Amino acid sequence: MAVGSEQVELTEAQIAVHWKEEEYYPPSAKFIAQANGADPSRLERFAEENFPECFREYADLLTWDRYWHTTLDTGNAPFWKWWVGGKLNASYNCVDRHLASSRNKAAFIWVPEPEDEETRVITYQELYATVNEFAAFLRDGCGLKAGDRVTFHLPMVPELPVAMLACARLGVIHSQVFGGFSGQACGERIVDSDSHILITMDAYCRNGELIDHKQKADEAVEHAQKNGAKVEKVLVWRRYAGKYSSPTPMVEGRDFFVDELLVEYRGARVAPESMPAEAPLFLMYTSGTTARPKGCQHSTGGYLSYVAGTSKYYLDIHPEDTYWCLADIGWITGHSYIVYGPLALGTTSVMYEGVPTYPDAGRPWRIAERLGVNIFHTAPTTIRMLRKAGPDEPKKYDYNFKLMVTVGEPIEPEVWRWYHREVGKGEAAIVDTWWQTENGGFLGSTLPALHPMKPGSCGPGVLGIYPVIYDEDGKEVEAGSGKAGNICIRNPWPGIFETIWGQPERYVETYYAKYCKDRGSKDWRDWPYFAADGALQAADGYFRILGRVDDVINVAGHRLGTKELESAALTVEEIAEAAAVPVIDEMRGKAVEMYVALKPGYTASSQIEAGVTGAIETIIGKIARPKNVWIVQDMPKTRSGKIMRRVVAGISNFTDPGDTSTLANPEVVEAIRRHVQSEKAARGDIPRPLSEQELEEIRVFGQAE
Ligand code: 6R9
């Protein structure tokens, strides 16, 4: 594997990373003056010697029916239990307790996608009334009780948080399946969680169309039935009051319109069920390497305390703020940081139904201006999309963000700077929050009032989170050394999931087995949490997340992070998005290929291809020179906007790109395949039959659990 005279014998931990250090951006004095988290002594209070008691500060943000006797029970490691003995209700904490001071304040402001439809304001009082009525129906009309599971397949409508909070009121475990997923994907999750009630919607607006959604419920029920789960009732909310907007027939005796049923429950009140802190609040499914999805089980007390605390200090949410997170509630970000965290703090949370660029790239800024949004939360994929479609739009609108969030993927420094300069108008503090579905809330971020920002780095571990980087052999990579390895969290925290629903062995094997020091131990210090992300820590203590551990490309022994290659490509003016993938190469073992999409107004040219190659050579080095640069219309993406590198890797290598059914845009795959493979064939660049090991290497690329 050596190149020339250079002997390459790198262990995972010694890998050189080629990104240059970025400059710091301090938060403004104005931001600091009003921030929740400006007191540096909090950092000391959350230092390791105060663990786990430090988290009491988060638990004290909630209203408890009974206090806990044990902060952290590790008796059945690694199945951690927080606030044992404590009792509370999540619905009470997010709704009832705000009534006395804020009855008629907006809990949610819902913005429908069609711009001529009116914004809907749901006050805490109205939310309280509807949540109670719906809870009464779930209890008395559906026979649901604490511990039962209910599946939702809802789009971004206010009925979704209503249903979540109604379940939470009863101690019923909700499992929301992202609305954009297929009926079959929903059916699989119904089977896995053993739900007998499905809550759905007739239709919703997306990209200018009214989409039939009810049809997916029929598919879901059918799929569940085939796999041994019987759905007794399908509860259908209606997008337009009193009018059924789906061509799909209602099934007699099984399907019901929720608005019709609720008439009977008008004015009903349901006492919030006092739940043990460790009782499950919800399941959130995420995919892994096997076909069976993983139902991450989140607790009531631990989870709610963690999202309340992190919302307060990292999102800087005050009750008087207007906060807008553009995520879909079908993802963990929406659960934690549209619904539970913001509502636990009694703020106003904005929900938007549709596509951010509909009808044009000015839409988000019009919404922000109109509603007075001052905290803005989104993902790099959306930021890139807005930068691509309307780079100069934000300055046309009169809004002011004090804080902005990026989450979901590493953000390229070039994109970060656009976000800061144009969207944040050079004034907003930015938090780059690194975390996962499994984690409940943030793991890595700067504290916005105390730490300067650094583009491309999330920052240090958040309060009470003590990260460590290990190499493949379990040796600790020196802190602050800038060397890459596998980032782990040494300690449990209140927001960590409790288990994988119905798959406890998989929970232990996937997240804890790799670096466990002693499988018999009940000491948390022996059970580091394996996040399956590559990362490095700079001398300033900030972490830079390199992506999933399997998303790295090893060229002649040099481990190149996909993100550093993509960041280099994004420094080229014309480039809007980039994906780096490995191709089997006779000379170098593996080589890099780049897929890039252009900003509007540019046409593909060999100059642009050369520009990308040049940028990679200059920023990373000749070793990383891409074998090919493919200019494509659009990248294959997951529904949450993450680029599916494994799909283009399969195309580049003439191997099976794997399942594409859950992509947001499966139709682009065939177009890219035809373009790339015919071009390669014309150049005589068709690979020889690959060995078993090579096939496996391509197959696992981008497939970390
Ligand atoms: C919250 C969420 C988790 C994976 C995670 C990592 C990537 C998330 C990131 C980030 C770099 C950030 N990720 N936030 N990478 N910087 N700020 O996205 O959960 O959908 O489960 O994805 O996303 O690779 O392991 P989830």
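Residues numbered from 1 in each chain as written. Predicted model: local features only at pLDDT ≥ 70, side-chain atom pairs only at ≥ 80, totals over all residues. Heavy atoms only, no water.

**Here's the deal with the overall build of the protein**
Here's step 1: Assigned secondary structure in the protein consists of 21 helices and 30 strands.
Here's step 2: Here the C-alpha atoms of the protein give a radius of gyration of 25 Å, agreeing with the 27 Å that 2.2 N^0.38 yields for 705 residues.
Here's step 3: Expressed as lengths along the three principal axes of its C-alpha atoms, the size of the protein is roughly 80 × 60 × 55 Å.
Here's step 4: Across the 705 residues of the protein, 64% fall into the buried class.
Here's step 5: In the protein, the proportion of contacts linking residues at least 24 apart, taken out of those at least 6 apart, comes to 72%.
Here's step 6: Surface accessibility of the protein: about 25,700 Å² in total, with carbon and sulfur atoms responsible for 49%. (Helix = DSSP H or I, 4+ residues; strand = E, 2+ residues; numbered from the N terminus. Rg over C-alpha atoms; globule rule 2.2 N^0.38 Å. Buried < 20%, exposed > 50% of the residue type's maximum accessible area, 1.4 Å probe, protein only. Contact = heavy atoms within 4.5 Å. Areas by Shrake-Rupley, 256 points an atom, 1.4 Å probe, with all protein chains shown as cover.)

**Quick notes on the packing of aromatic side chains**
Each aromatic ring pair is characterised by the separation of its centres together with the angle its planes make.
Here's step 1: Applying the stated criterion across every chain yields a total of 50 aromatic pairs.
Here's step 2: Just above the ring of Tyr399 sits the side chain of Lys425; from NZ or CZ to the centre is 3.8 Å.
Here's step 3: Sitting above the plane of the Phe530 ring, Lys514 keeps its charged end 5.5 Å from the centroid. (Phe/Tyr/Trp six-rings, centres within 6.5 Å; stacked < 30°, edge-to-face > 60°. Lys NZ or Arg CZ within 6 Å of the ring centre and 35° of its normal.)

**Quick look at the sheet that holds strand β15 (residues 294-299)**
Here's step 1: Ordered by their spatial adjacency, eight strands build an open sheet running β12-β11-β8-β6-β7-β14-β15-β23, and the pairing between neighbours is mixed. Strands with a single pairing partner mark the edges of an open sheet, and in this sheet they are β12 (255-257) and β23 (499-500).
Here's step 2: Along the sheet, helix α6 (residues 124-141) makes contact with β8 (197-201) and β11 (233-237), crossing β11 at roughly 165°.
Here's step 3: The strands touched by helix α8 (residues 183-193) are β6 (149-152), β8 and β14 (280-286); relative to β6, the strand with the most contacts, the crossing angle is about 175°. (Pairing = 2+ DSSP bridges. Axes fitted to C-alpha atoms, helices over the stretch in contact; angles between N-to-C directions.)

**Examining the sheet that holds strand β29 (residues 589-598)**
Here's step 1: Read from one edge of the open sheet, three strands run β28-β29-β30, paired in mixed fashion. The outermost strands of the open sheet, each flanked by one partner alone, are β28 (575-585) and β30 (628-631). On average, each strand axis in the sheet is tilted by 25° relative to the strand beside it, whichever way the strands run.
Here's step 2: The pairing of β29 with β30 spans four bridges and is classified as parallel. Paired with Val596 across the two strands is Ile631, which belongs to β30.
Here's step 3: The strands touched by helix α14 (residues 380-389) are β28 and β29; relative to β28, the strand with the most contacts, the crossing angle is about 120°.

**Section: the site of the ligand**
Here's step 1: Lining the immediate environment of the ligand, one finds 16 residues, of which Asp432, Thr433, Thr437, Asp533 and Lys642 sit closest.
Here's step 2: Thr437 has a polar side-chain atom sitting 2.5 Å from an oxygen atom of the ligand.
Here's step 3: In the model, an oxygen atom of the ligand is placed 2.8 Å from a nitrogen or oxygen of the Arg548 side chain.
Here's step 4: Relative to its unbound accessible area of 530 Å², the ligand is 89% covered by the protein chains.
Here's step 5: Mapped onto the shell around the ligand, the elements with two or more residues apiece are α12 (332-344), β20 (429-433) and β25 (543-548).
Here's step 6: By residue class, the composition of the shell around the ligand is six nonpolar, five polar and five charged. (Near = heavy atom within 4 Å. Polar contact = N/O pair within 3.5 Å; in protein donor to acceptor, adjacent residues only side chain to side chain. Nonpolar A, V, L, I, M, F, W, Y, C, P; charged D, E, K, R; others polar.)

**Quick look at the nonpolar core**
Here's step 1: Of all hydrophobic cores here, the largest spans 198 residues; its most connected members are Phe134, Leu138, Tyr340 and Tyr595.
Here's step 2: The residues touching Phe134, leaving out its near neighbours within four places in the chain, are Val162, Ala163, Ala166, Ile199, Leu235, Trp237, Val258 and Leu262.
Here's step 3: In this structure, Val177, Cys186, Leu198 and Val236 belong to the second largest nonpolar core, which totals 16 residues. (Core = buried A, V, L, I, M, F, W, Y, C linked by side-chain atoms within 4.5 Å.)

**Observations regarding the environment of Gly147**
Here's step 1: Tracing the chain through its elements places Gly147 in the loop between α6 and β6.
Here's step 2: Look at Gly147 and you get partly exposed, because its relative accessible area is 30%.
Here's step 3: Look past the residues within four positions of Gly147 in its chain and what remains in contact with it is Gly171, Val172 and Ile173.

**Quick look at α6**
Because an α-helix packs 3.6 residues into every turn, residues spaced three or four apart end up facing the same way.
Here's step 1: With 18 residues, α6 should cover 26 Å at 1.5 Å per step; its first-to-last C-alpha distance of 25 Å lies within 8% of that length.
Here's step 2: Within α6 the residues assigned to the buried category are Tyr124, Leu127, Tyr128, Ala129, Val131, Asn132, Glu133, Phe134, Ala135, Ala136, Phe137 and Leu138.
Here's step 3: A positive phi of about 70° marks Gly143, the residue just after α6. (Expected span 1.5 Å × (residues − 1).)

**Notes on the environment of His675**
Here's step 1: Among the secondary structure elements, His675 is positioned in helix α20 (residues 667-682).
Here's step 2: Separated by 227 residues in sequence, His675 and Pro448 have C-alpha atoms that sit 45 Å apart.
Here's step 3: With residues up to four places along the chain from it excluded, the contact list for His675 reads Trp630 and Ile631.

**Some words on helix α17 (residues 562-569)**
Here's step 1: Along α17, eight of the eight residues are buried, which leaves the element largely enclosed by surrounding structure.
Here's step 2: Inspection of α17 places Thr562, Lys563, Glu564, Leu565, Glu566, Ser567, Ala568 and Ala569 among the buried residues, and these make up the whole buried set.

**As for the pairing of strand β9 (residues 203-206)**
Here's step 1: Pairing of β9 with strand β10 (residues 209-212), which is carried by four bridges, proceeds in the antiparallel orientation. When the sheet's bridge partners are listed, Ala203 is paired in β10 with Asp212.
Here's step 2: In textbook terms, the turn of a hairpin is the stretch between consecutive antiparallel strands, and for β9 and β10 this stretch comprises two residues, one of which, Asn207, has a positive phi near 55°.

**Structural notes on the pattern of salt bridges**
Here's step 1: Applying the stated criterion to the full structure yields 59 salt bridges.
Here's step 2: A salt bridge links Glu260 to Arg238; the nearest nitrogen and oxygen atoms lie 3.2 Å apart. Of this pair, Glu260 sits in helix α10 (residues 258-262) while Arg238 sits in the loop between β11 and β12; the two residues are 22 residues apart in sequence, bridging distant segments of the chain.
Here's step 3: Judged by its relative accessible area of 12%, Arg238 is buried.
Here's step 4: Ionic pairing is found between Glu566 and Arg645, a salt bridge with its closest N-O pair at 2.8 Å. On the criterion of sequence distance, the pair formed by Glu566 in helix α17 and Arg645 in helix α19 (residues 645-652) is long-range, its members being 79 residues apart. (Salt bridge = Lys/Arg side-chain N within 4 Å of Asp/Glu carboxyl O.)

**Observations regarding the pairing of strand β4 (residues 106-111)**
Here's step 1: Among the six residues of β4, six are classified as buried, and the element is accordingly described as predominantly covered.
Here's step 2: Of the strand pairs in this sheet, β4 and strand β5 (residues 120-123) are connected by four bridges, and their pairing is antiparallel. Bridge pairing links Trp110 to Arg120 in β5.
Here's step 3: Of the strand pairs in this sheet, β4 and strand β17 (residues 348-352) are connected by four bridges, and their pairing is parallel. Within β17, the residue paired with Val111 across the bridge is Tyr352.

**Brief notes about the layout of surface pockets**
Here's step 1: Estimated volume of the second largest pocket: approximately 690 Å³.
Here's step 2: Residue lining of the second largest pocket: 27 residues in total, with Arg120, Thr130, Glu159, Trp237 and Asp259 positioned closest to the centre.
Here's step 3: Secondary structure elements with two or more residues in the lining of the second largest pocket: β4, β5, α6, α7 (159-170) and α10.
Here's step 4: If you tally residues by element for the lining of the second largest pocket, the top one is α6, at five residues.
Here's step 5: Residue composition of the lining of the second largest pocket, grouped by class: 15 nonpolar, two polar and 10 charged. (1 Å grid on protein atoms, 1.4 Å probe; cavity = no way out; pocket = protein on both sides within 12 Å on 5 of 7 lines; lining within 4 Å. Points joined across faces, edges and corners; volume = space filled by probe spheres on them.)

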